[in-house]
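Fold and contact review
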Amino acid sequence: MAVKQTVILAAASLLIIFRLTSALPTETITNAADTLSNSGYVAMSLTLNLVSDVLLSYRNSATIFTPPDSAFADYGQPSLATLQFHFSPLAFSLSSIRSLPYGTKIPTMSSATFLTVTTSHSSDQVSLNNVKIVGSPIFDDGSLIVFAIDNFFDPNFTIPDPPVQSVRLDHCTASFGGYSNFSFHDGANLLISRGYSVMASFLNLQLLGFLGQATLTIFAPIDEVMVDYSGRFPDYPSLFLRHVLPCKISWRDLISVDDGTSLDTYLDGFKITIHRSGGTFKVNEASITFPDMYYGDSFVVHGIREVLALPKPAEESGDGDGFDDIPIGTVLVATVPDRSEF
């Protein structure tokens, strides 16, 4: 058993020291611009090269909605304010946008303006502000996603706000037990492809077992913010388990959760609190940047920008939280409520 545990931790250390990607590097912008140009969206390709430093600085995720060249010809050169309306600080997959109910607000790079989901239940066509999204993404590298739309968005577009339907998540309570039949293979592979390989390494190693727990939500920090944890084996249980909820909460659920809602994680005594402001969301102090990055039958993964931090211990306490003194060589499996067994 000791040999198996050592192998698991050694493998984890190798997977955790991945090549880390920086936030929207110049290469990503260049590749997106080239793909746009090659796909017939020359105007947005040229525009992206001109405004990327202004609109995408300090961003590690974004979604761009690009009108066709014919729309640029009719509209003329759009102002920076107009372009901000076509850039969102969140990375949205097509399936994530499709899952959002009519009237949902999507944040843009302008803090004062939002896009509104206008897809009807009877339509297969996805639309924002009554402007159709054309097909699958033109470009998608996991951090930057580019969709084609059939015209410019109208910044003055409005619809009556739909009734707010609050979602209760009282069922989101941890239950600790033996192994279950979870398979994380597809989700872990997707995380690796999108720059979340550290969290994917935990999933691929099947270090998580929950008896009778049918669904999970995982908040996955991007690789670049996980580098400080590389090789710190005693921190792995706390690091992983505090990012996992014992219920499945999609982006559609999150937008209906009351501001300030707190939920249990699998780290005993550690909760996450959902903060919402307009169309932006945080869990504790970490911004959600890639909602519904993976959505499966058993679990959902949301990309976040920071690691969920543990509360600082009181100065007079020298006992820690029970995780800082975990001996090296213990397997990361939730087996009983007493977390000291890790």
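Below you will find a few notes about this structure. The structure presented is a predicted model; accordingly, all values stated were derived computationally and were not measured.

Of regular secondary structure, the protein chain possesses 10 helices and 14 strands. Partitioning the intrachain contacts of the protein chain with sequence separation of at least 6 by distance along the chain shows that 66% fall at a separation of at least 24.

At a minimum axis distance of 8 Å, the contact between helix H7 (residues 185-193) and helix H8 (residues 197-204) shows a crossing angle of 160 degrees. The orientation of H7 relative to H8 falls into the category roughly antiparallel. Seen from above, H7 lies across H8 with left-handed handedness. Every residue of H8 that contacts H7 at His185, Ala188, Asn189, Leu191 and Ile192 is listed here: Ser197, Met199, Ala200, Leu203 and Asn204. Tallied by class, the residues present in the contact of H7 with H8 amount to 6 nonpolar, 4 polar and no charged.

On to the packing of aromatic side chains. Under the criterion given, the structure shown has 8 aromatic pairs. Ring centres of Phe65 and Phe147 lie 5.9 Å apart, and the angle between their planes is 15 degrees; on these two criteria the pair is classed as stacked. In this pair, Phe65 sits in strand E1 (residues 62-66) while Phe147 sits in strand E7 (residues 144-149), placing the two residues 82 residues apart along the sequence. Just as Phe65 is buried, Phe147 falls in that class too.

What follows is about the nonpolar core. In this structure, Phe65, Leu128, Ile133, Leu191, Trp251, Ile272 and Val283 are the most contacted members of the largest nonpolar core, which totals 65 residues. Core analysis: the next-biggest nonpolar cluster, separate from the first, contains 25 residues, Ala43, Val51, Val146 and Phe152 among them.

The rules we used
- Residues numbered from 1 in each chain as written.
- Predicted model: local features only at pLDDT ≥ 70, side-chain atom pairs only at ≥ 80, totals over all residues.
- Heavy atoms only, no water.
- Helix = DSSP H or I, 4+ residues; strand = E, 2+ residues; numbered from the N terminus.
- Contact = heavy atoms within 4.5 Å.
- Axes fitted to C-alpha atoms, helices over the stretch in contact; angles between N-to-C directions.
- Parallel < 35°, antiparallel > 145°, perpendicular 65-115°, else oblique.
- Left-handed = near helix turned anticlockwise from the far one by under 90°.
- Nonpolar A, V, L, I, M, F, W, Y, C, P; charged D, E, K, R; others polar.
- Phe/Tyr/Trp six-rings, centres within 6.5 Å; stacked < 30°, edge-to-face > 60°.
- Buried < 20%, exposed > 50% of the residue type's maximum accessible area, 1.4 Å probe, protein only.
- Core = buried A, V, L, I, M, F, W, Y, C linked by side-chain atoms within 4.5 Å.

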